[in-house]
Amino acid sequence: MDTQAKTKVEEKRKTKIRVSGAEAIVRSLLEEGTDLMFGYIGGAIMPIYDVLYSYQDRLQHVMVRHEQGAMHAAQAYARISKKPGVCMSTSGPGATNLITGLADAMLDSTPMVCITGQVGSGLLGSDAFQETDVVGVSMPVTKWNFQITKAEEIPEAVAKAFFIARSGRPGPVLLDITKDAQFAELDYSYEKITQIRSYIPYPKLNLNAVSQAAEIINAAKKPFVLVGQGVLLSGAQKEFKEFVEKAEIPVGSTLLGLSAFPSNHSLFTGMLGMHGNYAPNINTNECDVLIAIGMRFDDRVTGNLKTYATQAKIIHIDLDNAEIDKNVKTDVAIVADAKQALQSLIPLVNSNTHKEWIESFSELRKVEIEKVINKDCNPTSGAIKMGEVINKLSEKTNGEAIIVTDVGQHQMASARYYQFNKTQSLVTSGGLGTMGFGLPASVGAQIAAGDKRDVYAFIGDGGFQMTIQELGTISQLNLNVKIILLNNNFLGMVRQWQDMFNEKRYAYTELTNPDFITIAKGFGIEGKTISNREDIDKTLNDLITHKGPFLLEVKVEKEANVFPMVPAGGTVSEMILE
Amino acid sequence: MEKEFTLSIFTENKIGVLQRITGIFTRRHINIDSMIASESEVKGVYRFTIVVNCSLDLIKKVHKQIEKQIGVLKAFYFTNKEIVYQEIALYKVPTKSFSHGNDVENLIRNHNAHILTVEPDYIIIEKAGHKDETQELFNKLLPYGILQFARSGRVAVSKQIKEITAYLRDLEEASLYSEKELLLNNK
Ligand SMILES: Cc1ncc(C[n+]2csc(CCOP(=O)(O)OP(=O)(O)O)c2C)c(N)n1
């Protein structure tokens, strides 16, 4: 720290002002650069909302319709804006409604700062009205959490919360603040935190490991790179591209890694895992060196670990040491931020070509095009397919829009058939697979994107009804969200499993749905339903140029299955095509 | 193959750290055989000693997940050969059991136990040792009547040369490096 900065900090330290705990929270949020937050009011958080009332010019608050919606909106906001998502709720039921979002953010490494009101400190543990042990309940689904019972603890707790949420492998943190601590006054001053003794977000780079990795890569005949969200989180897209281009290594992506590397790049081979693309899955078990960057070998990616890439040397680059050797045993591990690791790796790898190896991906791709992709994207008869709608939108938007999805078949179809040519373009619930994520997430994504980019949300008829009330938020804010409801009248993904593994015993997966367009109209949102192939083109054109929110319901084939597929626990190279 | 491991976990003295640590075992369905905590040789640094039975592969993963918790400074796992450890046992026996000649007194002497308190109705015996040793004395005292028996969790110190103070210095250094990296890249 230079001397000038130091004196500034010291000056700040001296100028303390007397404010309430509630005001200290709001001021601390502003200090951390928060200008937008999501939440839902209630008794135990009212003092903070009272302060927010007079800070509306500097800190916008989005009032959602359910706290789960606030979480998913804040998560999406974080993923697109690259700032921590901030979310607030009252005690008890307000706080427990955050739990799904916390679990989702925890698994998908999304930086979140959540603030929950709590009953007065004198009532703690007494089963007071709307008292829940939120610190206890949220512990397994937060990177860190803390209960504030004294106003003086606020500045440091908030500073810690932001530091922990966004540094290292990001994640959600929660501050639970008692009502009396919101009312009490303190001598307020703020200082950011950049160091905690028991927390090393950026471990020292092991240069030995980097050169070992380079050596293995340079000797590889059939290297294969797996890109995960870590590359997006670290902002290492440029370095990643430089690395794979220099060594000419084909790239497979995890679901959350999509858009870290352009889908239209010649080295991009598609998505990994259960409903990923054929070539990257098959060739996972053909490569001689597997280089995993910012991904965690989730079971949806690996299938059966016993048969996963056993022939290959494994290089794993990840910032979280606990991910190393957790699922796949590595030969070389680099525990580092992707950008830092790649910056030191690039000069050590040789410029190379792997023509034949890359061609083997193209050959496999041809098989997938013939057996799957053509049927999904260019059908000429029968009901509309999810794939053709997504593929069309991708073409019409040049693969440059922000795509938000819910969870299910439409999610996999979106990941497969939208071309992510621009970075930071997919917001989806990966690790937790949270139905109901899509609609509220589209709120946060749209607010973060502003008028710079268009947001399209692909949602299934099941998941849509889990958080459908957020149409209210979209309508109130007149958000430019284009919702494409892919309605198959089924909980499609589960129905597919029942079809494939339960002899079509469709237990509770068929839905009697409401008239979605009437519902949207009730919220003041325009909508339209199509069920004929001829209408897709024009309707999408209208959707793209439409200003304001719009619900497009597409009636799609009811019993279509997503292929190819690696059945749960199966071997990636035995992916089935039909 | 399952084996007995002793974890020494050094933490800050913060509410919730214990729950975060035990949660890691709960999640992986590992039973904790014994657990004990107290301040270590470093002021403000707490030492948890946890004994579990599991495979080497599993303890390695658990160890990393424990070290990842904020509030945990350093964690180690040891096999029994790598530590010196003890448990303490207290036996409350009726005073009248001492009326069988010198039997009980001999037992106490032979087992390196000693008497803590003598009251008109009961006598309290203390013995430190490994579990099988305190158990053996328990079994031998049983015929004379045992009113209460309590055994502590395991306390253990490691045989390794590098002490926690040195690890804490490493940590300070790592923390400074990390901070530099953070500020440098404006993370
Ligand atoms: C909250 C939640 N409950 C249940 C599930 C299990 N589940 C996964 S996909 C799916 C079906 C989704 O159906 P729909 O929203 O209609 O989308 P589709 O698969 O038809 O595209 C279900 C029930 C889940 N992922 N999340």
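Please refer to the structure higher up on the page.
First, a word on what this report is: a plain description of the structure on this page. What you see is a predicted model; the values in this text were computed from it and never measured.

Our focus in this paragraph is the sheet that holds strand β5 (residues 112-118) of chain A. All names here are of chain A. The six strands lie next to each other as β3-β2-β4-β5-β7-β6, forming an open sheet whose pairing is parallel. For this open sheet the edge positions go to β3 (60-63) and β6 (144-148), each flanked by a neighbour on one side alone. Mean inter-strand twist for the sheet, computed between neighbouring axes without regard to direction, equals 20°. Strand direction decides the pairing type here: β6 and strand β7 (residues 172-178), joined by five bridges, are parallel.

It is worth spelling out the interface of chain B and chain A at this point. Every contact between the two is made by 29 residues of chain B and, on the other side, 32 residues of chain A. Here chain B and chain A share two salt bridges between them. Between A:Asp320 and B:Lys68 there is a salt bridge, with its nearest N and O atoms 2.6 Å apart. Of all elements in the fold, only α1 (17-27), α2 (56-68), β4 (72-78) and α5 (164-184) of chain B reach the threshold of two or more residues within the side of chain B that touches chain A. Looking at the side of chain B that touches chain A, the element that brings in the most residues is α5(B), giving 12 residues. Its residues assigned to classes, the side of chain B that touches chain A comprises 11 nonpolar, seven polar and 11 charged.

Residues and elements named next belong to chain A. Neighbouring residues of the ligand: 18 residues in total, closest Gln409, His410, Gly433, Gly463 and Gly492. A distance of 3.2 Å separates an oxygen atom of the ligand from a polar atom in the side chain of Asp461. A distance of 2.7 Å separates an oxygen atom of the ligand from a polar backbone atom of Gly463. Alone, the ligand offers 580 Å² of accessible surface; in the complex the protein occludes 77% of this. The class makeup of the residues in the shell around the ligand is eight nonpolar, nine polar and one charged.

Cut-offs and rules
- Residues numbered from 1 in each chain as written.
- Chains lettered and ligands numbered in written order.
- Predicted model: local features only at pLDDT ≥ 70, side-chain atom pairs only at ≥ 80, totals over all residues.
- Heavy atoms only, no water.
- Pairing = 2+ DSSP bridges.
- Helix = DSSP H or I, 4+ residues; strand = E, 2+ residues; numbered from the N terminus.
- Axes fitted to C-alpha atoms, helices over the stretch in contact; angles between N-to-C directions.
- Contact = heavy atoms within 4.5 Å.
- Salt bridge = Lys/Arg side-chain N within 4 Å of Asp/Glu carboxyl O.
- Nonpolar A, V, L, I, M, F, W, Y, C, P; charged D, E, K, R; others polar.
- Near = heavy atom within 4 Å.
- Polar contact = N/O pair within 3.5 Å; in protein donor to acceptor, adjacent residues only side chain to side chain.
- Areas by Shrake-Rupley, 256 points an atom, 1.4 Å probe, with all protein chains shown as cover.

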